[in-house]
Amino acid sequence: MTIIVLYILLGIIAFIVILLHFSVRATIKASRQGVDIKVKWLFFTLYPRKPKKPKKPKKKKGEPETPPETAQQPDLSENGLEQFIKEAEEVQKDTTVEEKTEKTDDTVIEEKTVSTESKTVKTKTKKKKDKQPKTSEETTEKKGKIAQLKDKFKAIKPYIPTGWKYFKKLLKKIRFTNITADVTVGKEDAYEAAVWYGKVQGILFGLFGWLGSIFTVKLKRVDVHCKFNEKVTDGEIFLKVKVRPSTMIHIAFCLGINFLRIWLRQRRERKRRIKAIRKKRQQALKQKQMNVNNTQKG
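Analysis parameters
Residues numbered from 1 in each chain as written. Predicted model: local features only at pLDDT ≥ 70, side-chain atom pairs only at ≥ 80, totals over all residues. Heavy atoms only, no water. Helix = DSSP H or I, 4+ residues; strand = E, 2+ residues; numbered from the N terminus. Buried < 20%, exposed > 50% of the residue type's maximum accessible area, 1.4 Å probe, protein only. Contact = heavy atoms within 4.5 Å. Axes fitted to C-alpha atoms, helices over the stretch in contact; angles between N-to-C directions. Parallel < 35°, antiparallel > 145°, perpendicular 65-115°, else oblique. Core = buried A, V, L, I, M, F, W, Y, C linked by side-chain atoms within 4.5 Å. pLDDT = per-residue confidence, 0-100. Pairing = 2+ DSSP bridges. 1 Å grid on protein atoms, 1.4 Å probe; cavity = no way out; pocket = protein on both sides within 12 Å on 5 of 7 lines; lining within 4 Å. Points joined across faces, edges and corners; volume = space filled by probe spheres on them. Nonpolar A, V, L, I, M, F, W, Y, C, P; charged D, E, K, R; others polar. Expected span 1.5 Å × (residues − 1).

Moving on, we come to the overall build of the chain. Each helix and strand counted, the chain has six helices and six strands in total. Moving toward the C terminus, one meets the helices and strands of the chain in the order α-β-β-β-α-α-α-β-α-β-β-α. Within the chain, the proportion of its 298 residues that are buried is 12%. The long-range fraction of contacts in the chain, counting pairs at least 24 apart against all pairs at least 6 apart in sequence, stands at 75%.

Listed below in structure tokens is the structure:
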């Protein structure tokens, strides 16, 4: 029975490992209309997510169904039109009164703000006069903060090289594939169009070269077209980004082990230092006792 359970567990672990080997794919399409991003893993779309359908309210038992609200038809008779006109005139009068009150309130508020601003200016000048030179206590506090920051940096410093090493490995495992770029440029003057064509080519290939130094890049097609006697800047870029979850987990695991080694090494060094300090203190105490005994004998 125990062997069957072990086989089942091993099968589950193997299935999870196989699933983690399938890479997460992100397709990016950029143009003048905008940027379209889609992220998939296996058959699941991680981004963009489908909007959830609004749930219909459940009807309780025994409640009658509410009929749909009927729209009220306007009264087109002479009396109805006269009443409608009177109501509109009353609404206009109310709005004019409200606008007048708002204007008066705004003027009062502006006067108050001017007075408060003058008061704040006076208080600022007084504060500047009341300022005194910094005391020695404040300077010692600042020095103490700087010393704390230095101690924190010393504690983090051994972890920086290993962290940077594995971070570069992680970036190199990110793959940019199927890169296709189609760009059209042009200007009214032929000379300016040729210069602009060369600049765009240099920018594009320089950008892909910089990406290749950090990530794994595979170009499929990069075309730059030039149009003379026409001012045009248009283009479209399509690419796929792939990352395997298994590689990310592997890098994170190795990073954690290396950090643990560094922490254990630092702990041993601290223990050695503490032991050395204790030995020095014991030796100093023994020498003092020897000196005291020699003086008493003499």
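Attention shifts here to the packing of helix H4 (residues 159–173) against helix H6 (residues 245–297). Where H4 meets H6, the axes come as close as 10 Å, and the angle between the chain directions of the two elements is 175°. On the basis of the axis angle, H4 is roughly antiparallel to H6. Note on element contacts: H6 touches H4 through Met-248, Ile-251, Cys-254, Leu-255, Asn-258, Phe-259, Ile-262, Trp-263 and Gln-266, opposite Tyr-159, Thr-162, Gly-163, Tyr-166, Lys-169, Leu-170 and Lys-173.

Below, the discussion takes up the nonpolar core. Grouped together as the largest cluster of nonpolar side chains are 19 residues, with contacts concentrated most on Ile-174, Phe-176, Val-200, Leu-204, Phe-208, Phe-215 and Val-241. Among the elements of the structure, strand S4 (175–187), helix H5 (190–214), strand S5 (216–228) and strand S6 (232–243) are those that each provide at least two residues to this core. Here this core takes five residues from S4, the largest share from any one element.

Another point: the confidence of the model for the chain. Across the chain, pLDDT averages 80, with 71% of residues at or above 70. In the model, residues 67–72 has pLDDT below 50 throughout and makes zero contacts with residues more than four positions away in sequence or in other chains. Contacts from residues 127–131, a stretch scored under 50 in pLDDT, to residues over four places away or in other chains number zero contacts.

Here we come to the sheet that holds S4. Spatial strand order, S3-S2-S1-S6-S4-S5: six strands in an open sheet with mixed pairing. Of all strands in the sheet, those with a lone pairing partner are strand S3 (44–47) and S5, marking the two edges. Strand-to-strand twist of the sheet, defined as the mean angle between neighbouring strand axes without regard to direction, takes the value 15°. Of the strand pairs in this sheet, S4 and S6 are connected by ten bridges, and their pairing is antiparallel. Paired with Thr-177 across the strands is Lys-240, a residue of S6.

As a volume, the largest pocket reaches approximately 270 Å³. Contributing to the lining of the largest pocket are 15 residues, with Val-183, Ile-203, Leu-204, Leu-207 and Ile-237 lying nearest its centre. Listing elements by their share of the lining of the largest pocket, those giving two or more residues are S4, H5 and S6. Tallied by class, residues from the lining of the largest pocket come to twelve nonpolar, two polar and one charged.

Here the focus is H4. When the terminal C-alpha atoms of H4 are compared, their 22 Å separation across 15 residues agrees well with the 21 Å that a helix rising 1.5 Å per residue should span. All buried positions along H4 are accounted for by Tyr-159, Thr-162, Tyr-166 and Leu-171.

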